[in-house]
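Summary of structural features
In case you want the letters, here they are:
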Amino acid sequence: MTEETMLALDGVTLAFGPKLIQRDISLEVRRGSIFAIMGGSGCGKSTLLKSMIGLLRPTTGRFSVQGEDYWAATPARRDVINHRFGVLFQSGALWSSMTLGENVALPMQMLTQLAPDTIRRMVELKLGFVGLSEAIDLMPSEISGGMRKRAGLARALSLDPDILFFDEPSAGLDPITSARLDDLILNLRDGLGATIVIVSHELPSLFRIADAGIFLDARSKTPIAHGSPAQLRDHCTDPQVHAFMTREREQGDNNP
Amino acid sequence: MPPTATPLSSHPASYRLEGQSVVLAGDWRASDPALPVLEEGAFHSLRPGTPLTFDSTGLGTWDSGLVAFLWDIKRAAEAADTALDTAGLPPSASRLLGLLPDRRADPPAGPKPQPNPLARLGAATIDSLTETGIVATLGAQTLRGGVLALTGRGRMRWADILANTTDAGPRALLIVGVVNFLLGGILAFVGAVQLEKFAAGIYVASLVGIAMVREMAAVMTAIIMAGRTGGAYAARIATMLGNEEIDALGVFGIPVSSYLVLPSVLALTVTMPFLYLYGCLIGMLGGFTVAIMMLDITARGYLHFTVSAFGIGQFIFGLTKSIVFGAFIGLTSCRIGLKAGRSAADVGVAATRAVVVGIVGVIAIDALFAVIADVIGI
Ligand SMILES: Nc1ncnc2c1ncn2[C@@H]1O[C@H](COP(=O)(O)OP(=O)(O)OP(=O)(O)O)[C@@H](O)[C@H]1O
Ligand SMILES: [Mg+2]
């Protein structure tokens, strides 16, 4: 393991009670990398993400953040580590009784000593990044699905975390907004040196931004390929991965 | 836990204006409360036409704190008609800056003017009339759905009814029992203290019997059910509304009245009479226990006076009330859930409102029944 490894999973098995989701996951996310989690629907991508933000304890294996064993740490220490995480949930998970502005402001109000004016400015900035400056005073129920996604992303950026987790950030966005979001993700990485773990099905966006990744298989319930999306597309021989990366139907899959 | 204090940088952030150039220095971290802000009118001395440049050679680490400052500059420059030349900035900072709009979002419209009291009264009256109409319509639709289902021409899922009925019935037995037992005991206690003065202690039995059968068992049980089940119905439906589950039902053309409201109302109207009878019995048992302990009377005597205190008419009166209460609680709590807002807080509001409306409504209806009973002489 090098100095630059931010997140590492070693032989991790994920399960909900008796229900096995994925086993034997080993991966390393380097600092400043954009790491893609890929795989078919329902294979356990969100579950893997959940385990990397401390919401699901692996049944076996080790998860470490910059070399520190996450689950061996005390709860207080885990809180400190969690403050480095910014998370966009698949469903947005905005707090429904607050406006978008308040959603982005809450972590700053609770966890920093910034003055209200500064917080307001930072909120405008974060919402400005995702193109939602106009929507600052709207409630989550008053905005579109894609806007909810973007607002969730702005909230994930609230504390300027250095490790970001995005669960399908561009699902439900038009191509232009989606490309803008890719720019944002790249610039967050380049400018702020953030490390980004992303779950996505959007192949063009994956090819453009991700530089490492893992491919989970739903049938064998284990990862079947490691590498950046472009590498997997060009060099991976596994038929399932190949089919996914080239949007072909798998051979032997005769369903219409 | 105290907020994590980021170690203050050894190079505090600073900026200065040198001619047409902004010189940035130090570490610009958003978590630093002492981050400089752009002074009002800092750009008065700028020459319009020549672009504003940046010098970031002294810049240390930075994050969105710097970008926020640059955004202020961008907007101020826009207002002063000066172009920006971002070549001197770190490339990703200038690209992040590029994602941001040039102008501040329009301030939100101020609060709407309050209409005058007369208009508000009128609006409230119309609203409450509309609401009554809606509840009545919902009730009629539910009734129609029920009749159709019973005659086999409509759809109703027995599994829902069963689940609702179990929850409203057997699971409520304990709390209904405890409350009515204590109530019967309290009535007997209060009655015994007074009646003993006239050596009429045995009439405690009649007092408890008639009070439970006519009023208390029905009203108390209804109040418990309003708090327990009515609140739960409203919260459940309000949550479904927030998740667009109600919309999904509507798109399929599944009527809310027969899928959601009917099982709820039916469960309450079916279980309430049983709970009422059970409440009567337990209440009398409570009265009996207290009376036997406090007074010098026999169990047989108590039983005799209890039975002769009320006729079958009183029972039917109480039973009717409990059915009406059940339907009322079911209908109003579903309606309140259906018109809730879509946030988590709205679910709480709906649950509270359902409980309040349920309790106040039950007592108001009870008063109405008392008047009717007086007129027809029960
Ligand atoms: N809380 C839970 N309890 C039990 N099983 C769960 C739970 N959450 C998810 N699962 C199961 O875990 C599996 C993986 O779910 P997950 O949400 O991780 O899929 P995914 O790869 O993110 O899919 P998608 O691309 O559709 O979002 C699914 O089979 C799902 O049924
Ligand atoms: Mg998922």
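Counting from 1, residues in each chain are numbered in the order their sequence is written. The lettering of chains begins at A and the numbering of ligands begins at 1, in the order of writing. In keeping with the model being predicted, local features are shown solely for residues with a pLDDT of at least 70 and side-chain atom pairs are shown and tallied solely at 80 or more, while totals for entire chains, interfaces and linings include all residues. For the side-chain quantities, the full set of heavy atoms in the structure was used; hydrogens and water were omitted.

By the naming in an unreviewed UniProt entry, chain A goes by ATP-binding cassette domain-containing protein and is assigned to Endobacter medicaginis.

1. Structural notes on the domain arrangement of chain A
Residue and element names in this part refer to chain A. Heads up, the condition is: Throughout, the edges of the domains are those of an automatic or database domain assignment. Pairs of residues are marked as contacts when any of their non-hydrogen atoms sit within 4.5 Å. What counts as buried area is the accessible surface, traced by a 1.4 Å probe, that two parts surrender upon association, with contributions from both included. One speaks of a salt bridge when a side-chain nitrogen belonging to Lys or Arg is within 4 Å of a carboxyl oxygen belonging to Asp or Glu. By the criterion applied in these results, polar contacts are pairs of N or O atoms within 3.5 Å in which, for protein atoms, one can donate a hydrogen and the other can accept it, and in which residues neighboring in sequence qualify only through two side-chain atoms. The way it works is that DSSP assigns letters per residue, a run of H or I at least four long becomes a helix, a run of E at least two long becomes a strand, and they are numbered from the N terminus. Three classes are used, and their members are as follows: Ala, Val, Leu, Ile, Met, Phe, Trp, Tyr, Cys and Pro are nonpolar, Asp, Glu, Lys and Arg are charged, and the others, Gly among them, are polar.
If you check the domain split of chain A, you get domain 1 (1-84 + 163-173 + 185-256) and domain 2 (97-160). Domain 1 and domain 2 are separated by 26 Å when their C-alpha centres are compared. Residue-level contacts link eleven residues of domain 1 with eight residues of domain 2. Buried surface at the junction of domain 1 and domain 2, both sides included, amounts to about 720 Å², of which 76% is carbon and sulfur. At the junction of domain 1 and domain 2, the tally comes to zero salt bridges. Here domain 1 and domain 2 share one residue pair in polar contact (both at pLDDT 80 or more) between them. Those elements that provide at least two residues to the side of domain 1 that touches domain 2 are β7 (163-167) and α6 (175-192). Among the elements that line the side of domain 1 that touches domain 2, the one with the most residues is β7, at three residues. Split into classes, the residues belonging to the side of domain 1 that touches domain 2 amount to seven nonpolar, two polar and two charged.

2. Concerning empty space enclosed by the protein
All names here are of chain A. This is how it is decided: Every definition here rests on a 1 Å grid over the protein atoms only: cavities are sets of points where a 1.4 Å probe fits but cannot get out, pockets are open sets enclosed by protein on both sides within 12 Å along at least five of seven lines, and lining residues have some atom within 4 Å of a point. Grid points are joined across faces, edges and corners, and a volume is the space filled by probe spheres set on the points.
Counted by the stated rule, this structure contains one cavity of 30 Å³ or more. In this structure, the largest cavity encloses a volume near 50 Å³. Going through the elements one at a time, α4 (116-129) and α6 are the ones with two or more residues in the lining of the largest cavity. Its residues assigned to classes, the lining of the largest cavity shows six nonpolar, one polar and two charged. Formed jointly, the lining of the largest cavity draws a minimum of three residues from each of two domains, domain 1 (1-84 + 163-173 + 185-256) and domain 2 (97-160).

3. Section: the layout of surface pockets
All names here are of chain A. Empty space within the second largest pocket amounts to approximately 580 Å³. The wall of the second largest pocket is formed by 19 residues, among which N82, F85, W95, P107 and L159 lie closest to the centre. For the lining of the second largest pocket, the elements supplying multiple residues, two or more each, are α2 (75-82), β6 (85-88), α3 (100-111) and α5 (145-156). Top element by residues in the lining of the second largest pocket is α3. It accounts for four residues. Class assignment of the residues belonging to the lining of the second largest pocket gives a composition of 13 nonpolar, four polar and two charged. Summarising the domain contributions, the lining of the second largest pocket has at least three residues from each of domain 1 (1-84 + 163-173 + 185-256) and domain 2 (97-160).

4. Notes on the domain arrangement of chain B
Domain parsing of chain B yields domain 1 (14-99) and domain 2 (154-376). Averaged C-alpha coordinates put domain 1 of chain B and domain 2 of chain B at centres separated by 69 Å.

5. A short note on the sheet that holds β6 of chain A
Residues and elements named next belong to chain A. Applicable threshold: At least two bridges found by DSSP between two strands are what make those strands a pair. Fitting a line to C-alpha atoms yields each axis, with helices limited to the stretch in contact; the angle taken between N-to-C directions then spans 0 to 180 degrees.
The strand order β6-β7-β8-β3-β9-β10 describes an open sheet built from six strands, whose pairing is mixed. Of all strands in the sheet, those bounded by a partner on one side alone are β6 and β10 (222-226). Here the strands of the sheet are splayed against their neighbours by 20° on average, with no regard to which way each runs. Examined bridge by bridge, β6 and β7 share four bridges and lie parallel to one another. Across the sheet, residue V87 finds its bridge partner in β7, namely F165.

6. Considerations on the coordination of the magnesium ion (ligand 2)
Residues and elements named next belong to chain A. For clarity, the threshold we go by: Water is not part of the atom set, so a site may look incomplete; the donors themselves are N, O and S atoms within 2.8 Å of the metal, or 3.2 Å for Na, K and Ca. When a residue's accessible area, from a 1.4 Å probe over protein chains only, is under 20% of the maximum for its type it is buried; when over 50% it is exposed; and in between it is partly exposed.
Of the protein atoms, only S46 (OG) and Q90 (OE1) coordinate the magnesium ion (ligand 2), at distances of 1.9 to 2.2 Å. With S46 in helix α1 (residues 45-52) and Q90 in the loop between β6 and α3, this pair connects stretches of sequence that are 44 residues apart. Take S46: its relative accessible area is 27%, and that puts it in the partly exposed class.

7. Observations regarding the interface of chain A and chain B
Every contact between the two is made by 28 residues of chain A and, on the other side, 32 residues of chain B. Together, the buried faces of chain A and chain B total about 2,600 Å²; carbon and sulfur atoms form 63% of this surface. Counting across the interface, chain A meets chain B through two salt bridges. A salt bridge links R95 of chain B to D190 of chain A; its shortest N-O distance comes to 3.5 Å.

8. Things to note about the site of ligand 1
All names here are of chain A. Quick note on the threshold: The near set for a molecule or strand comprises every residue that places at least one heavy atom within 4 Å of it. Under the convention used here, a 1.4 Å probe and the Shrake-Rupley method define accessible areas, while residue burial counts only the protein chains that appear.
Lining the immediate environment of ligand 1, one finds 13 residues, of which S41, G42, K45, S46 and T47 sit closest. In this structure, an oxygen atom belonging to ligand 1 sits 2.8 Å away from a main-chain N or O atom of G42. One of the side-chain nitrogen or oxygen atoms of T47 is found 2.5 Å away from an oxygen atom of ligand 1. With the chains in place, 64% of the 630 Å² that ligand 1 exposes on its own is no longer accessible. Those elements that place two or more of their residues in the shell around ligand 1 are β2 (19-30) and α1. With three residues, α1 is the single largest residue contributor to the shell around ligand 1. Of the residues assigned to the shell around ligand 1, the class counts are three nonpolar, seven polar and three charged.

9. A short note on the UniProt feature "domain: ABC transporter" (unreviewed entry) in chain A
The cut-off we apply is this: UniProt positions are given in the numbering used here, feature names are shortened, and annotations may be inferred rather than shown by experiment.
Mapped onto this numbering, the UniProt entry annotates "domain: ABC transporter" (unreviewed entry) at residues 7-243 of chain A. Span residues 7-243 of chain A is 38% helix and 26% strand, its end C-alpha atoms 29 Å apart.

10. Looking at the side chain of T271 of chain B
All names here are of chain B. Considering the arrangement of structural elements, one finds T271 in helix α8 (residues 256-294). Look at T271 and you get buried, because its relative accessible area is 6%. Dropping the residues within four chain positions of it, T271 is found in contact with T165, A168 and G169.

11. Considerations on the pairing of β7 of chain A
All names here are of chain A. Within β7, five of the five residues are buried, which leaves it mostly tucked inside the rest of the structure. Residue alternation in β7 divides its side chains into two sets, I163, F165 and D167 and L164 and F166, and both sets are buried. In terms of strand pairing, β7 meets strand β8 (residues 195-199) through five bridges, oriented parallel. Residue pairing for β8: I163 is matched across the bridge by T195.

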